[in-house]
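So you can see what is in the structure, the chains are spelled out below.
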Amino acid sequence: MNYTVLVCDDDDDITAALEVYLAQDNYNVVKASNGAEAVEAVKNNDIHLILLDVMMPVMDGINAAVKIRAASDAPIIFLSAKSEDTDRIFGLNMGGDDYVTKPFNPVELLARVKANLRRYSRMGGIKEESKKGVYVTGGLVLDDNKKQVTVEGEAAELTPIEYNILKFLMENMDFVFSSDQIYERVWNEPAFDIGKIVSVHIRHIREKIEINPKEPRYLKVVYGLGYKVVSGQ
C-alpha cells in the first residue's frame with residue numbers, strides 16, 4: 001500500500017525537500033502552505049499522515065490540528081522551531097502524535113513517519129486491504145497488481161517461486177499449509193518426493209521479509225503441520 005502524506009509548511013524549500021525525501025520511500029505527497037489549506041486537503045484526500053508546521057500564516061498548525069481532528073484520526077507530526085518542553089506538551093495535547101524540532105534530521109523524521117504509520121495501521125486506522133489483489137499484514141504488503149512486495153515501504157526482491165508461495169499464504173492468512181499442499185498449489189503438480197524444496201524457499205523468503213528470520217513475525221512455522229502467514233501484525 002502506498003501511503004499518502006500531507007506536508008504543510010509555509011517555507012517552500014522545506015516542503016520541496018520533504019517531498020523529495022518522502023517520494024524516495026514511495027510515499028504519495030500532498031502539499032499545503034498554511035493551516036487552512038491543510039484542513040481542506042484532509043477533507044479532499046485520503047491522508048494517512050500529516051507533517052504540520054506550527055507557525056504559519058492564515059491559520060497556524062495548532063488551530064489546523066484541532067479542525068483536522070474533527071474529521072480525521074491520521075497521525076499528526078508537528079514541525080516547529082520551538083524546542084521547549086511546554087511547546088511539545090501543548091502540541092501533543094492539541095491533537096499531535098509526535099513533535100519534531102527544526103532543523104531536523106531527514107532520516108530521523110522518516111523513521112518517525114514510518115513508526116507513526118505502523119502504529120496507526122495496527123490500531124485499525126488504515127484499512128488492511130485497500131483494493132482487490134493487495135494483501136497486507138503489519139508492514140508487509142503484497143500488491144499482486146504490481147507484482148510487488150514491500151516491507152515497511154522497502155521493496156523485497158523475491159524470485160517468481162518465492163513470490164507465488166508468499167502470495168498463496170497471504171491469500172489464505174492464518175491458515176496452515178503443509179509443504180506438500182504448498183508445492184501442489186504453487187508448482188501445480190503432485191507433491192511426490194519433494195524433500196526440502198518448500199522449506200528452502202520458505203527460508204529464503206524469511207531472509208527477505210523478516211527483520212530477524214530466526215524469530216519471524218510474518219511467516220511462521222507450525223511444527224509438524226506446515227507454514228502460515230499471520231494476519232494483523
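Residues numbered from 1 in each chain as written. Predicted model: local features only at pLDDT ≥ 70, side-chain atom pairs only at ≥ 80, totals over all residues. Heavy atoms only, no water.

Visitor: Quick one: what's the story with the packing of helix α2 (residues 35–44) against helix α3 (residues 61–69), residue by residue and with numbers?
Guide: Running from N to C, α2 and α3 cross one another at 15°; their axes reach a closest spacing of 9 Å. The angle between α2 and α3 falls in the class roughly parallel. Here α2 and α3 pass one another in a crossing that is right-handed. In this structure, α2 contributes Gly-35, Ala-38, Val-39 and Val-42 to the contact, and α3 contributes Ala-64, Lys-67 and Ile-68. Residues belonging to the contact of α2 with α3 are distributed by class as follows: five nonpolar, one polar and one charged. (Axes fitted to C-alpha atoms, helices over the stretch in contact; angles between N-to-C directions. Helix = DSSP H or I, 4+ residues; strand = E, 2+ residues; numbered from the N terminus. Parallel < 35°, antiparallel > 145°, perpendicular 65-115°, else oblique. Left-handed = near helix turned anticlockwise from the far one by under 90°. Contact = heavy atoms within 4.5 Å. Nonpolar A, V, L, I, M, F, W, Y, C, P; charged D, E, K, R; others polar.)

Visitor: How would you summarise α2 if you had to cite specific residues and measurements?
Guide: Every buried residue of α2 is listed here: Gly-35, Ala-38, Val-39, Ala-41 and Val-42. All buried residues of α2 lie within an arc of 160° about the axis, which places them on one face of the element. Turned more than 90 degrees away from the buried face of α2, the exposed residues are Lys-43 and Asn-44. Where the residues of α2 are buried, they touch β1 (4–8), β2 (28–32), β3 (49–53) and α3. (Buried < 20%, exposed > 50% of the residue type's maximum accessible area, 1.4 Å probe, protein only. Arc of directions from axis to C-beta.)

Visitor: Go over the packing of aromatic side chains with me, naming the residues and quoting the values.
Guide: One pass over the full model with this rule turns up three aromatic pairs. Each ring, one from Phe-168 and one from Phe-177, has its centre 4.5 Å from the other, and the planes form 55°; the classification is tilted. Here Phe-168 matches Phe-177 in class, with each residue buried. (Phe/Tyr/Trp six-rings, centres within 6.5 Å; stacked < 30°, edge-to-face > 60°.)

Visitor: So what about the pairing of strand β7 (residues 140–143)? Which residues, and what values?
Guide: Successive side chains on a regular strand alternate, one facing one side of the sheet and the next facing the other. In β7, alternate side chains face the same way, and those of Leu-140 and Leu-142 on one face and Val-141 and Asp-143 on the other are all buried. Bridge count between strand β6 (residues 134–137) and β7: four bridges; the pairing is antiparallel. Paired with Val-136 across the bridge in β7 is Val-141. Counted along the chain from β6 to the antiparallel partner β7, the turn is two residues long, and its residue Gly-138 has a positive phi close to 55°. Across four bridges, β7 lies against strand β8 (residues 148–151) in antiparallel orientation. When the sheet's bridge partners are listed, Leu-140 is paired in β8 with Val-151. Where β7 hands over to β8, the hairpin turn is made up of four residues, of which Lys-147 adopts a positive phi near 55°. (Pairing = 2+ DSSP bridges.)

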